[in-house]
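Reading the structure
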Amino acid sequence: MLAAIVSGCGGTEAGGAGSAGGAGGADASDDGSSGAGGVSGAGGVSGAGGVSGAGGVSGAGGVSGAGGASGAGGASGAGGVSGAGAAGAGAAGAGGGSGGSGGASGAAGSGGSAPLFDLPAIRDPATAECTFTNPRTVLKDGVLVSVWDVSYRSWESVGGALVPIRIRGFAARPASVAAALPGVVQAHGLGGYSEEDHATGLAALLKTMTLAYTGPGGGTDATNTSEGLPSSHGNGYRMFDVLQDPRGSWFWAHSVAAMRGLTCLGARSDVDPSRLGMTGFSAGAVATLMSAAVDDRVVAAVPLSGTGAWGVATEAPAAWQHTLLAKAGLSTASPEWSTLLGTIGADVLLPGTSANVLMVNGTTDEFFPLTAHVATWSAIPGAEKRTSLAGNFDHGCYALSGIESAATIEARAEERAKGGQRAWFARWFGTDSRYATIPAAPVVTAVAAGPATFVTAQVDAGGSQLEVQEVKYWWSNDDAFAFGSVELSGAGGGLYQAVVAAPFAANTVYFVDVLYRTRDLVLPERFSLSSVPVIPAGHVPHVRAIETCL
């Protein structure tokens, strides 16, 4: 987590498009090695300790640089987003507070109030200055893929003023398709960065045009390093820098960079702007949820291992947000925390979304426990939403303290991440008739039967293109620290049931997970849909501590 983190669990948090890393690998990024939603094997938290404070606004397009915070047009010149009220002369000069036509007001130094997300400015391709360079062709997962280096303009808020920054990454699409394709933006997690494999892997999996970008301040070389302040700036204070301007949080800048990526995709003739989506792991899932909440260009979204409702998550004393806050010199009693939750918290924004959302999460996540998952899912309006849960999966501690082998848990998570991305985007983009409809979410009931539990589940058969492979009841009687599972037997009419040799306790948390497969005779594709977890009132999960994973 972040660029360095604390000791204890081995590896660093993984997953760019992916489900998550795993068994304590050495990869220092938060991106994962698979761009297609796979498990990278990097997981856990690193033993390097501390949070790097590298920061500052770098390069052209930083605080100074071309289109900086001063001079004509405010922050970015004509058509840009201005920093009205910034220190110095940022709001002065020709164009003043608006930066010329199409601009958005900044942080209210002149008494005004800036919009939290200025969508007309975010959607303006003229100010995005999108470039797709260095075209090449590679073979990825058996698919010939065209690849480009990508660069475009976005913004961050520094000292209450919006400042233009250049975002870099990669884009890819299947080379054999000439028609306009749907476009998907992939967002990485904290401390991460984009890699070519992230774009090519997701493009090969989804058969879409995919853009994988590096969030502000991240990167490893000239091709993938983005300008701006990293999440680790000020020992991580950058994530919570919201008192002067809620847009000062790195999560805001990460989300805007994602939406500007949509702008670059939508402006291309080989992309269908009516079919745009977003996905990402961990903090990338947070950016996905925030973007989907405010930008109605997002037709479909698949956040992986990330939620809103962080106030719910931190009811657990060991929730990892507490450690991040402490490193930044804060706590849940700090005004920065309450301001963050009340302004840019994904669950606060989600009631306005029109996107179709599939939430994929682990059952024992140290940042995003099931209580936060349910609270976030409940904030999403409408019926076209689903959830898919990977039993015993988390941000990496499962490699040390899981009750199954790391390989078993990783395979389960990868199947739900990749399968969920493939099925969900195909459904809402209309790119594969096998997913013309997505089954309804299963419904489960569990009641005490003496020392056992009687479980029934109502399951949608999936229609002519899909079939049910297995239905499993998952439960925990130790405050969601570990989950067991039992396969249910079909009783006809979509009813599945079993008597489970485990007591139904006051703290039992449970759900049912249905694994579907396509009816292909050779190499059928799989994905899962889960019921919304049933959680006792007042339940506080046993979250694994960042220092010990216990």
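All right, on to the layout of surface pockets then. Empty space within the second largest pocket amounts to approximately 250 Å³. Residue lining of the second largest pocket: 15 residues in total, with Ala204, Leu205, Leu206, Lys207 and Arg422 positioned closest to the centre. For the lining of the second largest pocket, the secondary structure elements donating two or more residues are helix 3 (196–206) and helix 12 (406–429). Its residues assigned to classes, the lining of the second largest pocket shows 6 nonpolar, 2 polar and 7 charged.

Three or four residues apart is the spacing at which side chains of an α-helix point the same way, because the helix has 3.6 residues per turn. Among all positions of helix 8 (residues 335–343), only Glu336, Trp337 and Leu340 are buried. Along the axis of helix 8, the buried positions cluster into a sector of 100°, meaning they face one direction only. Lining the buried residues of helix 8 we find helix 6 (310–313) and helix 7 (320–327).

Counting residues in hydrophobic clusters, the biggest one holds 69 residues, and the most contacted among them are Phe117, Val185, Leu211, Tyr213, Phe240, Phe251 and Met290. A total of 11 residues in this core trace back to one element, the largest contributor, which is helix 4 (residues 250–266). Listed in part, the 39 residues of the second largest apolar core include Leu206, Tyr435, Ala457 and Val514.

A few words now on the packing of aromatic side chains. Summed over the entire model, instances satisfying the criterion amount to 17 aromatic pairs. Look at Phe251 and Trp310: their rings are 5.1 Å apart centre to centre, the planes differ by 65°, and that puts the pair in the edge-to-face class. Note that Phe251 is positioned in helix 4 and Trp310 in helix 6, a separation of 59 residues in sequence. For the pair formed by Phe251 and Trp310, the shared burial category is buried. Taken together, a centroid distance of 6.1 Å and an interplanar angle of 55° make the contact between Phe483 and Phe511 tilted. With Phe483 in the loop between strand 12 (466–476) and strand 13 (484–487) and Phe511 in strand 16 (residues 509–518), the pair connects residues that are 28 residues apart, well separated along the chain. Phe511 shares its class with Phe483; the two are buried. Above the face of the Trp428 ring, Arg427 is positioned so that its terminal group lies 3.9 Å from the ring centre.

Let's shift gears to the confidence of the model for the chain. In this model, the chain carries a mean pLDDT of 84, and residues with pLDDT of at least 70 account for 80%. Confidence drops under pLDDT 50 across residues 1–112; counting only partners more than four residues distant or on other chains, this segment forms 360 contacts.

Right, let's get into the environment of Phe425. Structurally, Phe425 can be placed in helix 12. The class of Phe425 is buried, set by a relative accessible area of 2%. Sequence separation between Phe425 and Lys207 is 218 residues, and the spatial gap between their C-alpha atoms is 9.8 Å. Apart from the residues within four sequence positions on either side, Phe425 is in contact with Val184, Leu206, Gly277, Met278, Thr279, Ala300, Ala301, Val302, Gly430 and Thr431.

On to the state of the cysteines. By the definition in use, this model includes 2 disulfides. Here Cys130 connects covalently by a disulfide to Cys264, the sulfurs 2.1 Å from one another. In this structure the cystine formed by Cys130 and Cys264 twists about its S-S bond by roughly -80°; its chirality is therefore left-handed. Here Cys130, found in the loop between helix 2 (125–128) and strand 1 (131–140), pairs with Cys264, found in helix 4; they are 134 residues apart in sequence, far enough to count as distant. Classification of Cys264 as buried rests on a relative accessible area of 1%. Sulfur-sulfur distance for the disulfide between Cys397 and Cys549 comes to 2.1 Å.

Looking at the element boundaries, Asp513 is found in strand 16. Only 2.9 Å separates the side chain of Asp513 from the side chain of Ser528, close enough to count as a polar contact. In this view, Asp513 contacts Leu389, Arg416, Glu470, Val471, Lys472, Trp474, Ser528, Leu529 and Ser530; residues no more than four positions away in its chain are not counted.

What counts as what
Residues numbered from 1 in each chain as written. Predicted model: local features only at pLDDT ≥ 70, side-chain atom pairs only at ≥ 80, totals over all residues. Heavy atoms only, no water. 1 Å grid on protein atoms, 1.4 Å probe; cavity = no way out; pocket = protein on both sides within 12 Å on 5 of 7 lines; lining within 4 Å. Points joined across faces, edges and corners; volume = space filled by probe spheres on them. Helix = DSSP H or I, 4+ residues; strand = E, 2+ residues; numbered from the N terminus. Nonpolar A, V, L, I, M, F, W, Y, C, P; charged D, E, K, R; others polar. Buried < 20%, exposed > 50% of the residue type's maximum accessible area, 1.4 Å probe, protein only. Arc of directions from axis to C-beta. Contact = heavy atoms within 4.5 Å. Core = buried A, V, L, I, M, F, W, Y, C linked by side-chain atoms within 4.5 Å. Phe/Tyr/Trp six-rings, centres within 6.5 Å; stacked < 30°, edge-to-face > 60°. Lys NZ or Arg CZ within 6 Å of the ring centre and 35° of its normal. pLDDT = per-residue confidence, 0-100. Disulfide = S-S within 2.5 Å. Polar contact = N/O pair within 3.5 Å; in protein donor to acceptor, adjacent residues only side chain to side chain.

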